[in-house]
Amino acid sequence: MDLKETASLLGVPFAELDRVRDLAGDRPAAPLPARAEAPALLARLGVPTADAAEIVEGWPGTPLWTPELNWLLDRSIALVRADLGGFGWLPPGPELPRDRGPAWRHFYVYVYLALVDVVRGYHRDHGIPDEVSWTTLADLGRNLAVDRRMGGEGWPVMQSWLTLHARGGVYELGRLQHQRGETALSLHVPDTGPLTPEAVDASLAAARAFFPRHFPDERYSSFSCGSWLLDPQLLEHLPADSNIVRFQRRFELEPHEELEGIDADVEVLRFVFRTLTTPLDRLPRRTLLQRVVLDRLAAGHHWQWRVGRFPF
């Protein structure tokens, strides 16, 4: 396989394919389920009907799959599988031109689906209940729904985020997702409803029992979070009893610094409005949070991505 030619045919930078080849090496991939089994699996993973139909239509093995696309699928699966049990950020491959059809648009969904049985085996080895496994893995459907709502703008970040689920690096326990780490569990807030203090307390209590039981060799001293939700500027505009304010006040913030690759203004737009390209004057102002975000951006100010922690 000529990697430069393959990169040209795929429409991606050579360096990104070189990275995939190096990380995957000659490690084994994992097979996808049979196409006939796909609808039931996709339903269990919470995949919306419209996305499920496209995923089945573009299923590997159909004429839509070119040799270079098949090569990348095999090596991307192998790359992620090689880091089973890992909990760091892991791009599974290059961002593909998704306008070439369902095989391209859902390429990294197929990588994820190939690893469902692999990661569930990892879960079983750690005594993790099936209910937690499926709830965690069903974040696929939620992310596909968000990407569809965003007109395809969300997926480049999501394809890397979902490798955490496929490697056993993150677990959804009630209202929050908990990402394993060195000494801290990182908290993530999925789009599943109000962030009430009671729901957060229940999720934290579940995590305090879950991780010592299923990962006894790991020692956690704190919960951490990196998010625009922790921007103290929100305290100036939201009521003291708002869920966001009460969530933020749990944390001791680290000194502010700009993090490479994170633009807080972009992240606020991603999560509050689910769009990155709509002009500010065309965005909705239905909620207080939406009005606060837009007024600050319109005035030429910026939001911050802050990191904080509190004891485990």
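Because the structure is predicted, anything quoted here is derived from the model rather than measured.

Once that is clear, we can look at the nonpolar core. Judged by nonpolar contacts, the single largest core of 55 residues is most densely connected at Leu45, Ile55, Leu72, Phe107, Leu113 and Leu140. Leucine 113 has contacts with Leu32, Pro33, Leu41, Leu42, Leu45, Ile55, Trp59 and Leu140, leaving out every residue within four places of it along the chain. Judged by nonpolar contacts, the second largest core, of 41 residues, contains Ile128, Val200, Leu234 and Val293.

Turning our eyes to something else, we now look at the packing of helix α1 (residues 3-10) against helix α5 (residues 67-82). Where α1 contacts α5, the two axes come as close as 9 Å, and the packing angle between them is 105°. Judged by the angle between their axes, α1 and α5 are roughly perpendicular. In contact with Leu3, Thr6, Leu9 and Leu10 of α1, α5 contributes Glu68, Leu69, Trp71 and Leu72.

Attention shifts here to helix α11 (residues 155-167). For α11, spanning 13 residues, the distance from its first C-alpha to its last is 19 Å, which sits close to the expected 18 Å at 1.5 Å a residue. Among the 13 residues of α11, eleven are classified as buried, and the element is accordingly described as predominantly covered. For α11, the complete set of buried residues consists of Trp155, Met158, Gln159, Ser160, Trp161, Leu162, Thr163, Leu164, His165, Ala166 and Arg167. Positive phi shows up at glycine 168, right after α11, with a value of about 80°.

Further remarks concern the sheet that holds strand β1 (residues 170-173). Pairing in this open sheet of six strands is mixed, and the strands run β1-β2-β3-β4-β6-β5 from one edge to the other. A single partner strand is all that each edge strand has here, and the edge strands are β1 and β5 (252-253). Two elements, strand β4 (residues 222-227) and strand β6 (residues 306-311), share six bridges in a ladder whose sense is antiparallel. In the strand pairing of β6, glycine 226 is matched with valine 307.

Definitions and limits used
- Residues numbered from 1 in each chain as written.
- Predicted model: local features only at pLDDT ≥ 70, side-chain atom pairs only at ≥ 80, totals over all residues.
- Heavy atoms only, no water.
- Core = buried A, V, L, I, M, F, W, Y, C linked by side-chain atoms within 4.5 Å.
- Buried < 20%, exposed > 50% of the residue type's maximum accessible area, 1.4 Å probe, protein only.
- Contact = heavy atoms within 4.5 Å.
- Axes fitted to C-alpha atoms, helices over the stretch in contact; angles between N-to-C directions.
- Helix = DSSP H or I, 4+ residues; strand = E, 2+ residues; numbered from the N terminus.
- Parallel < 35°, antiparallel > 145°, perpendicular 65-115°, else oblique.
- Expected span 1.5 Å × (residues − 1).
- Pairing = 2+ DSSP bridges.

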